[in-house]
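# Summary of the model geometry
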Amino acid sequence: QVQLVESGGGLVQAGGSLKLSCAASTGNFRVAWFRQAPGKEREFVAFIGWNSNRQSYADSVKGRFTISRDNAKNTVALQMNSLKPEDTAVYYCAADRSSIYSESFHDYDYWGQGTQVTVSS
């Protein structure tokens, strides 16, 4: 079992920044961030491999968001810059023991409770 706890969400004006953190109870797993806005499907945001060998981003956040991890602390961060109102959503951290890259939320076994990000215009 892997327990994940997200933090760092909040309310920010358009153009601002937030840093989300995902703390895990153990290590050696791939991690992805997903988000879900009201009335919309959960969508992929960013991915990082267990040893940071690969990072990938949704086109909608590329160049604005950066995913990173600290394996010594079992944490994964998502730095979000130049935020837009359309980034408003609940953001979820997801983890899995597989080493295969995936953008599908179906492929992740462990999920955090989510953290709300609201960007005002």
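Residues numbered from 1 in each chain as written. Predicted model: local features only at pLDDT ≥ 70, side-chain atom pairs only at ≥ 80, totals over all residues. Heavy atoms only, no water.

### Quick look at the state of the cysteines
Let me state the cut-off plainly: Any pair of cysteine sulfurs within 2.5 Å is marked as a disulfide. A run of H or I in DSSP counts as a helix once it spans at least four residues, and a run of E counts as a strand once it spans at least two, with each numbered from the N terminus. The rule is simple: take the accessible area with a 1.4 Å probe, protein chains only, and divide by the maximum for that residue type; under 20% is buried, over 50% is exposed, in between is partly exposed.
A full pass over the atoms with the stated rule returns one disulfide. Across a sulfur-sulfur distance of 2.0 Å, Cys 22 and Cys 93 are joined as a disulfide pair. Taking the torsion about the S-S bond as the criterion, the Cys 22 to Cys 93 disulfide, at about -70 degrees, is left-handed. In this pair, Cys 22 sits in strand S3 (residues 18-24) while Cys 93 sits in strand S9 (residues 89-96), placing the two residues 71 residues apart along the sequence. For the residue pair Cys 22 and Cys 93, the accessibility class agrees, reading buried in each case.

### What about the packing of aromatic side chains?
Aromatic rings in a pair are described by how distant their centres are and how their planes are angled relative to each other. We apply this condition: Aromatic rings from Phe, Tyr and Trp, with only the six-membered ring used for Trp, were paired whenever their centres fell within 6.5 Å, and each pair was classed as stacked if the ring planes differed by under 30 degrees, edge-to-face if by over 60, and tilted otherwise. Geometrically, a charge over a ring is one whose NZ (Lys) or CZ (Arg) sits within 6 Å of the ring centre while staying within 35 degrees of the ring normal.
Scanning the entire structure with this criterion turns up five aromatic pairs. A ring pair is formed by Phe 34 and Trp 111, whose centres lie 5.2 Å apart and whose planes are at 45 degrees; its orientation type is tilted. Here Trp 111 lies in strand S10 (residues 110-111) and Phe 34 lies in strand S4 (residues 30-36), a separation of 77 residues in the sequence. In this structure Trp 111 comes out as partly exposed when scored by relative accessible area, which is 25%. Measuring from centroid to centroid gives 4.7 Å for Phe 47 and Tyr 101, while their planes differ by 85 degrees, and the two rings are edge-to-face. Remark: Tyr 101 occurs in the loop between S9 and S10 and Phe 47 occurs in strand S5 (residues 43-48); sequence separation between them is 54 residues. The rings of Phe 34, Phe 44, Tyr 92, Tyr 108 and Trp 111 are connected pair by pair, giving a single aromatic cluster. It is Arg 42 that lies over the ring of Trp 111; its NZ or CZ is 4.8 Å from the centre. Stacked on the ring of Tyr 101, the Lys or Arg Arg 54 has its end atom at 3.7 Å from the ring centre.

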